[in-house]
Amino acid sequence: MRKDVRILLVGEPKVGKTSLIMSLVSEEFPNVVPYRAEEITIPADVTPERVPTHIVDYSEAEQTDEQLFQEISKANVICIVYSVNNKKSIEKVTSHWIPLITENTDKDSRVPLILVGNKSDLVEHSSMETILPIMNQYSEIETCVECSAKNLKNISELFYYAQKAVLHPTGPLYCPEKKDMKSHCVKALTRIFKVSDLDNDGILNDNELNFFQRTCFNTPLEPQALEDVKNVVRKNLIDGVCNNGLTLKGFLFLHTLFIQRGRHETTWTVLRRFGFDDDLELNQDYLFPPLKIPPDCTTELNHNAYLFLQSIFDKHDKDRDCALSPDELKDLFEVFPYMPWGPDVNNTVCTNEQGWITYQGYLSQWTLTTYLDVQRCLEYLGYLGYSIIAEQESQAAGITVTRDKKIDLQKKQTQRGVFRCNVFGDIGSGKSGFLQAFLGKNLTHQKTINEEHRSYYAISTTYVYGQEKYLLLHEVFPDDDYLSDADLACDIVCLVYDVSNPYSFEYCAKVFKQYFMDSKIPCMMTAAKSDLPEVKQMYGCSPLEFCRRHKMPPPQSFTCNTAAAPSRDIYTKLTTMAMYPHVSQADLKSSTFWLRASVGATVFVVLGFAMYRVLLKSR
């Protein structure tokens, strides 16, 4: 909502503009009225909407046209004052003032107008018969108020309506000609309905309605009040209530009714609680709450955010197969203004046999987004209504900023759950196959991947000492001359060469010597395509000797040309090295060390999946 309101009073001389302001401030009619009242500010604590309000007077005698135009451009709402006993002042509303205001305001940002009929104490009749046709002709006119500065009639109401026209404008919500809500308003309320429909059954049951009521208005509805609301909908709409719950049609009907009865502040309260601004767009402050990330720190989802995302998955996994079909995924992202995940995501995370993103793959993609682009993650959580449904101050409450990596190295332990592995190798060395194998895809499966849908990232979980961790693989495009800071920033480096190509290892050796030989980032050499005959590498020494000289583990044999899913052992080793960069060379060579690290990994994977199915059944 706006932080303040600026009200401008205009009109013909002697209609009582200044008297209205002075009567409001002093609560009595002034004996002496100056040409123009000074600008006054009413503090927030004495206004009904708790917003500071500036009231500005205009005097033709004291101000130039240029000054008037400036005030019109600064005003949030303009009160056109006429005298109910002066026909000429009424005619000037349409012949002079409305055209003047239109000329001096931006066409895209319409300024609401209030028609003010002053001096009602001097006549016994109302001017409404004359004014109503004007109101019907100009949609920017919010309302009309008849008042008297002399006997203080409707003075407070006048300024309340002016304030309300700014804070709760009718224009963006409702079209008087069609007597229906505008499409932008329908779209915004539909999104709110979908976010509030916690079980995704298309209706808001009593629990969901009460949660919605408490969220927006800080108070639940009494059972009888809830029933009364549904009865109003039943009487006016055939399909507004279904299975004793409110349908989307019923929800939209209620808000149309609020607006038609002049209670549009109710609809605005709902819209603003769900992050919408005055233009019915999601507010940037709502989508991107402040989040401070110091250097050498990373971003991860915390436990509450994962629970929320699990509930969103469960809400849309209608067939309970622990994967999201294209239709289910589309349904999930209906509350977004665009489709956030492209076809490359299906080659970034784990999928089932049909190529649908699994439960594990879904959480992995969220983990990836949080790690690589936390601002985008905040935006996505905002679209899903995280702060509202999880009852948090903002999406930032769902993010953990890890401590500085240097502190982890000093303490020789880390609490981080996501580790980045940058994969280097010459063209054709098998990097892409290495990434896809992490997702369980063998060479046969990989050949079916559309080149346009290729991904340079792969993320999944591994288990180290029984702890579930995410390993994020990033394929770095080979370039001897230049590697960016992003290419070098990681927890572990994987150097991939093709055992069947005699010139493949040389690139790995060059990259290591140029960028990583003097760094503290652990490196692992991977001998890819190990199912093919191994040839001598045309380099000064063998890969094994190179690793020995530079205190690296011996090259790890790897192939994705397997009948079943490729082995995951190498990924557990990479994660372990990333978690324990201080581990000595002797430990890395020890088979006992690797056995301890990977023990229980298979058990945990199977157990984790089984536990999800049990939770799913119980829900």
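Residues numbered from 1 in each chain as written. Predicted model: local features only at pLDDT ≥ 70, side-chain atom pairs only at ≥ 80, totals over all residues. Heavy atoms only, no water.

1. Thoughts on the pattern of salt bridges
Summed over the entire model, instances satisfying the criterion amount to 23 salt bridges. Here R403 ties to D408 by a salt bridge, and the two come within 2.5 Å at their closest N and O atoms. In this structure R403 comes out as partly exposed when scored by relative accessible area, which is 31%. When salt bridges that share partners are traced, they join R403, K405, D408, R416 and D491 into one network. (Salt bridge = Lys/Arg side-chain N within 4 Å of Asp/Glu carboxyl O. Buried < 20%, exposed > 50% of the residue type's maximum accessible area, 1.4 Å probe, protein only.)

2. A closer look at the packing of aromatic side chains
Inspection of every chain in the model, using the stated rule, returns 29 aromatic pairs. Pairing Y160 with Y161 gives two aromatic rings, centres 5.9 Å apart and planes at 45°, and the pair type is tilted. Note on F313 and Y359: the rings are 5.3 Å apart at their centroids and 70° apart in plane angle, and the pair reads as edge-to-face. Here the residue F313 occupies a position in helix α12 (residues 303-316), and Y359 occupies one in helix α14 (residues 359-372), the gap between them amounting to 46 residues. Taken together, the ring pairs connect F313, F333, F336, Y338, W341, Y359, Y362, W366, Y380 and Y383 into an aromatic cluster. (Phe/Tyr/Trp six-rings, centres within 6.5 Å; stacked < 30°, edge-to-face > 60°. Helix = DSSP H or I, 4+ residues; strand = E, 2+ residues; numbered from the N terminus.)

3. Let's talk about α14
With 14 residues, α14 extends 20 Å from end C-alpha to end C-alpha; this agrees with the ideal 20 Å at 1.5 Å per step. Of all 14 residues making up α14, 12 are buried, and the element is well covered by its neighbours. Buried within α14 we find Y359, G361, Y362, L363, S364, Q365, W366, T367, L368, T369, T370 and Y371. (Expected span 1.5 Å × (residues − 1).)

4. Points about unusual backbone geometry
Within the chain, K14 stands out as a residue other than glycine whose phi angle is a positive 70°. Tracing the chain through its elements places K14 in the loop between β1 (5-11) and α1 (17-26). Residue classification places K14 among the exposed positions, given a relative accessible area of 73%.

5. Re the confidence of the model for the chain
Residues with a pLDDT of 70 or more make up 93% of the chain, whose mean pLDDT is 90. Of the regions scoring below 50 in pLDDT, residues 600-619 engages in 17 contacts with residues more than four places distant in sequence or in other chains. (pLDDT = per-residue confidence, 0-100. Contact = heavy atoms within 4.5 Å.)

6. Looking at the state of the cysteines
Under the defined criterion, the tally for this structure stands at 0 disulfides. With no disulfide of its own, C216 has C185 as its nearest cysteine by sulfur position, at a separation of 13 Å. Given the relative accessible area of 8%, C216 is considered buried. A disulfide-free cysteine, C490 has its sulfur positioned 7.0 Å from the sulfur of C421, the nearest such atom. Relative accessible area serves as the criterion here: at 6%, C490 is assigned to the buried category. (Disulfide = S-S within 2.5 Å.)

7. Thoughts on the pairing of strand β18 (residues 467-475)
Two faces, one strand: in a regular strand the side chains alternate between the faces of the sheet. With 7 of 9 residues buried, β18 is to be regarded as a mostly interior element. Here strand β16 (residues 418-425) pairs with β18 via 6 bridges, running parallel. Counted as the bridge partner of C421 is L473 from β18. Across 8 bridges, the pairing between strand β17 (residues 457-464) and β18 is antiparallel. Bridging across to β18, I459 finds its partner in L472. The antiparallel hairpin formed by β17 and β18 contains 2 residues in its connecting segment, where Y465 sits at a positive phi of about 50°. (Pairing = 2+ DSSP bridges.)

8. Comments concerning the sheet that holds strand β9 (residues 203-204)
Sheet strands pair by backbone hydrogen bonding; their relative direction is either parallel or antiparallel. Strand order in the open sheet formed by 3 strands is β9-β11-β10, and the pairing between neighbours is antiparallel. Strands at the two margins of the open sheet, each flanked by one partner only, are β9 and β10 (241-242). Across 2 bridges, β10 lies against strand β11 (residues 245-247) in antiparallel orientation. Across the sheet, C242 pairs through a bridge with G245, a residue of β11.

9. With respect to helix α8 (residues 223-236)
Residue pairs three or four apart in sequence face the same way in an α-helix, which turns once every 3.6 residues. The end-to-end C-alpha separation of α8 is 21 Å, in line with the 20 Å expected for 14 residues at 1.5 Å each. By the burial criterion, the buried members of α8 are L226, K230 and V233. Taken around the axis of α8, the buried residues stretch over an arc of 55°, which confines them to a single face. Facing away from the buried surface of α8 by more than 90 degrees, the exposed residues are Q224 and K235. Among the structural elements, α7 (206-217), β10, β11 and α9 (248-260) are those in contact with the buried residues of α8. (Arc of directions from axis to C-beta.)

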